[in-house]
Amino acid sequence: MQCYKCYHLLSPTSMKNVLRLPLAQSLSCIKYSPAGPIVPSVIVLNSRSYIYEPDKKGKGYPYQKDVWPEFFKLENYRGIWPFIVKESKNAWEEFKDHWRNDPIMDYRHNEVDIWWRFRTEKDLEKWVVTTDSDLAVGRSEASLTISPQGYALFSGKISTDFPQDGIIKRSGFANLGSLPAMKSFGRETAYDWTLYTHLVMRVRGDGRSYMINMHLKNTADAWWFDIYHFILFTRGGPYWQTSKIPLSKFFLGSKGRIQDSQFPPPLERIMKLSFTIGEGTQSGPFSLEIQYIGLTHDDTHREETAYEMYQVPVFLVAH
């Protein structure tokens, strides 16, 4: 979030000694407030505004609030020790890998580092398939299986039918997403792709278009739904294609809307990758076969972002 007067980046890290402003002034920097300059320059938005999000999943997703009383029940302790032993081993392996592996100081030109390879059922366990029917808002179907050629096959049927409840207006989507980057004991982490320039994947599609999404690891609710997108166009037919997509071509979106202000993708905070086939797609079967997904560094690529880095006019933001 930025100040609409000086475009100073408003930091969410420190929440002490914060000036609480009315909603009409909540997008202005602290030094432009009527009370005068106050440090640090952090703002707090009113809870009745639509910017505040209490849950990372957004509104409409039920979740259990009182989880701690269930956690401390006696019968739940039986599964704690196997969990502690398993995660302790993972933590020890992470510690050894940290000191055993030398950092990569140089990336070879156009050499592809395979990030996800699809060969066995164990490789498929790192990915999750969701559809509108899982959320009770549609009737689409999808699955992830091993194809006859021995690769991942994301296939199913898209249905644009939706429940006639007077609330849902359109539906029809399927999503294939990788599991979030995690460390031992359930600690969230992120992939560091700062030294890469292109996303490379070997796929065989059905002629449909798929949205590639790069999800970010964000801590503040204002950025929970920030996702970088790009379109994967498939040829269809029996032929494979190798898609080399510049990471600078990914554009910023939030809650399905492309943002006016575009920024270079923060490649040090990539949490997961996903593929979506959805709104605007005709009903019917679909299939996307994936051999591998990797990253590469191109020495000739100098572009940070392919989109205009302009500032939004003051009167549009203030009102």
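In this text the structure is predicted, and so the values were computed from the model without any measurement.

Reading guide: rules and limits
- Residues numbered from 1 in each chain as written.
- Predicted model: local features only at pLDDT ≥ 70, side-chain atom pairs only at ≥ 80, totals over all residues.
- Heavy atoms only, no water.
- Helix = DSSP H or I, 4+ residues; strand = E, 2+ residues; numbered from the N terminus.
- Buried < 20%, exposed > 50% of the residue type's maximum accessible area, 1.4 Å probe, protein only.
- Contact = heavy atoms within 4.5 Å.
- Areas by Shrake-Rupley, 256 points an atom, 1.4 Å probe, with all protein chains shown as cover.
- Pairing = 2+ DSSP bridges.
- Salt bridge = Lys/Arg side-chain N within 4 Å of Asp/Glu carboxyl O.
- Core = buried A, V, L, I, M, F, W, Y, C linked by side-chain atoms within 4.5 Å.
- Patch = residues over 30% accessible without salt bridge, like charges linked within 9 Å, V, L, I, M, F, W, Y side chains within 5 Å.

Q: Could you clarify how one ought to interpret the overall build of the protein chain in this entry?
A: Secondary structure assignment for the protein chain yields four helices and 17 strands. Relative to its full complement of 319 residues, the protein chain shows a buried share of 37%. Taking all contacts inside the protein chain whose residues are at least 6 apart in sequence as the whole, residues at least 24 apart take part in 72%. Accessible surface for the protein chain amounts to roughly 20100 Å². Of this, 55% is attributable to carbon and sulfur atoms.

Q: Hey, could you run me through the pairing of strand 10 (residues 198-204) in this one?
A: Looking along a regular strand, one sees side chains alternate from face to face of the sheet. Where burial is concerned, most of strand 10 is hidden: six out of the seven residues are buried. Across six bridges, strand 10 lies against strand 13 (residues 241-246) in antiparallel orientation. The residue bridging valine 203 from the neighbouring strand is glutamine 241, located in strand 13. Here strand 10 pairs with strand 17 (residues 284-296) via seven bridges, running antiparallel. By the bridge assignment for strand 17, histidine 198 is matched with threonine 296.

Q: For this particular structure, what's the right way to read the sheet that holds strand 12 (residues 226-233)?
A: In any sheet, the strands associate via hydrogen bonds between backbone groups, in a parallel or an antiparallel arrangement. Strand order in the open sheet made by the seven strands is 4-7-16-11-12-14-15, with antiparallel pairing throughout. Here the strands that pair on one side only, and so sit at the sheet edges, are strand 4 (127-131) and strand 15 (257-258). The pairing of strand 7 (residues 174-178) with strand 16 (residues 270-277) spans four bridges and is classified as antiparallel. Across the sheet, the residue bridging to asparagine 175 is threonine 276, located in strand 16.

Q: Help me understand the pattern of salt bridges, please; the structure alone is not making it clear to me.
A: Two side chains that carry opposite charge are able to pair once their charged atoms sit near each other. Inspection of every chain in the model, using the stated rule, returns nine salt bridges. The closest approach of N and O atoms between glutamate 289 and arginine 204, which form a salt bridge, is 2.9 Å. Of this pair, glutamate 289 sits in strand 17 while arginine 204 sits in strand 10, and the two are 85 residues apart along the sequence. The class of arginine 204 is buried, set by a relative accessible area of 16%.

Q: What is the right way to read the nonpolar core from this model?
A: Buried together is how nonpolar side chains tend to be arranged in soluble globular proteins. Ranked by internal contacts, the top residues of the largest apolar core, which has 38 residues, are Trp193, Leu199, Ile212, Met214, Phe275 and Ile293. Of all the secondary-structure elements, those providing two or more residues to this core are strand 6 (152-158), strand 7, strand 10, strand 11 (209-216), strand 12, strand 16 and strand 17. In this view, isoleucine 212 contacts Leu199, Met201, Tyr228, His229, Phe230, Leu232, Ile245, Phe250, Leu273, Ser274 and Phe275; residues no more than four positions away in its chain are not counted.

Q: Teacher, can you tell me more about a nonpolar patch on the surface here?
A: A cluster of nonpolar side chains, contributed by Trp92, Phe95 and Trp99, occupies part of the molecular surface with about 430 Å² of accessible area. Considering the arrangement of structural elements, one finds phenylalanine 95 in helix 2 (residues 80-100). We classify phenylalanine 95 as partly exposed; its relative accessible area is 45%.

Purely spatial values, then, with no claim about function.
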